[in-house]
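Architecture at a glance
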Amino acid sequence: VQLQAYGGGLVQAGGSLRLSCAASVSTFSSYRMAWFRQAPGKEREFVAAITWSGDITYYADSVKDRFTISRDNAKNTVYLQMNSLKPKDTAVYYCAASKKRVGVPSPLQSNYDYWGQGTQVTVSS
């Protein structure tokens, strides 16, 4: 499984961006998906996760009510809509896929088997 994340860029505080992650796999609906991020000098942290069907989502407290994760299984793509961006959201954002289809969205990095290359998001004040 190869994951290609894109859509990052430079945005002013209060602005919005939508990240996309395209998966090169025919059975995309078999994977739970998630977004993580890593800010300079910090460890990678959980952002949001979604079940294989998209019916259940889970968010880190720091992004709840501002970010929305969704997926389109017909397009093999998972999205992260980011609104009301803050400078502290500046990071490289990674998408990840879990082979374990069944289960609630997981915030644990160890539960994910495949990782994208990351896309840079920079929020200026």
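Higher on the page you've got the structure.
Residues numbered from 1 in each chain as written. Predicted model: local features only at pLDDT ≥ 70, side-chain atom pairs only at ≥ 80, totals over all residues. Heavy atoms only, no water.

1. Focus: the sheet that holds strand β7 (residues 67-72)
Sheet strands pair by backbone hydrogen bonding; their relative direction is either parallel or antiparallel. As summarised here, the arrangement of the four strands in space is β1-β3-β8-β7, forming an open sheet in which the pairing is antiparallel. The sheet is open, and its two edges are formed by β1 (3-6) and β7, each paired on a single side. Between one strand and the next, the sheet's axes are offset by a mean angle of 15 degrees, whatever the strand orientation. As paired strands, strand β3 (residues 17-23) and strand β8 (residues 77-82) are joined by six bridges and run antiparallel to one another. Across the sheet, residue arginine 18 finds its bridge partner in β8, namely glutamine 81. (Pairing = 2+ DSSP bridges. Helix = DSSP H or I, 4+ residues; strand = E, 2+ residues; numbered from the N terminus. Axes fitted to C-alpha atoms, helices over the stretch in contact; angles between N-to-C directions.)

2. A short note on the state of the cysteines
The final tally for this structure, using the stated rule, is one disulfide. In this model, cysteine 21 is linked to cysteine 95 through a disulfide, with the two sulfur atoms separated by 2.1 Å. Between cysteine 21 and cysteine 95, the S-S torsion sits near 60 degrees, and that sign places the bridge as right-handed. Here the residue cysteine 21 occupies a position in strand β3, and cysteine 95 occupies one in strand β9 (residues 91-98), the gap between them amounting to 74 residues. Side by side, cysteine 21 and cysteine 95 carry an identical accessibility label, which is buried. (Disulfide = S-S within 2.5 Å. Buried < 20%, exposed > 50% of the residue type's maximum accessible area, 1.4 Å probe, protein only.)

3. A word on the side chain of asparagine 76
By the secondary structure assignment, asparagine 76 is in the loop between β7 and β8. We classify asparagine 76 as buried; its relative accessible area is 18%. Ignoring any residue separated from it by four or fewer positions in sequence, one finds asparagine 76 in contact with Cys21, Ala22, Ala23, Val25 and Phe28. (Contact = heavy atoms within 4.5 Å.)

4. Topic: the environment of aspartate 61
Relative to the helices and strands, aspartate 61 resides in the loop between β6 (57-59) and β7. Sequence separation of aspartate 61 and arginine 32 is 29 residues, and the distance between their C-alpha atoms is 20 Å. Among the polar contacts made by the side chain of aspartate 61, one reaches the side chain of lysine 64 at a distance of 3.1 Å. (Polar contact = N/O pair within 3.5 Å; in protein donor to acceptor, adjacent residues only side chain to side chain.)

5. Describing the nonpolar core
Formed by 37 residues in total, the largest nonpolar core has its most connected members in Met33, Trp35, Leu80, Met82 and Tyr93. Those elements that place two or more of their residues in this core are β1, β3, β4 (32-38), β5 (45-50), β7, β8, β9 and β11 (119-124). Those residues in contact with methionine 33 that sit more than four places away from it in its chain are Leu3, Cys21, Phe28, Ala49, Ile50, Ile69, Arg71, Val78, Ala96, Ala97 and Tyr112. (Core = buried A, V, L, I, M, F, W, Y, C linked by side-chain atoms within 4.5 Å.)

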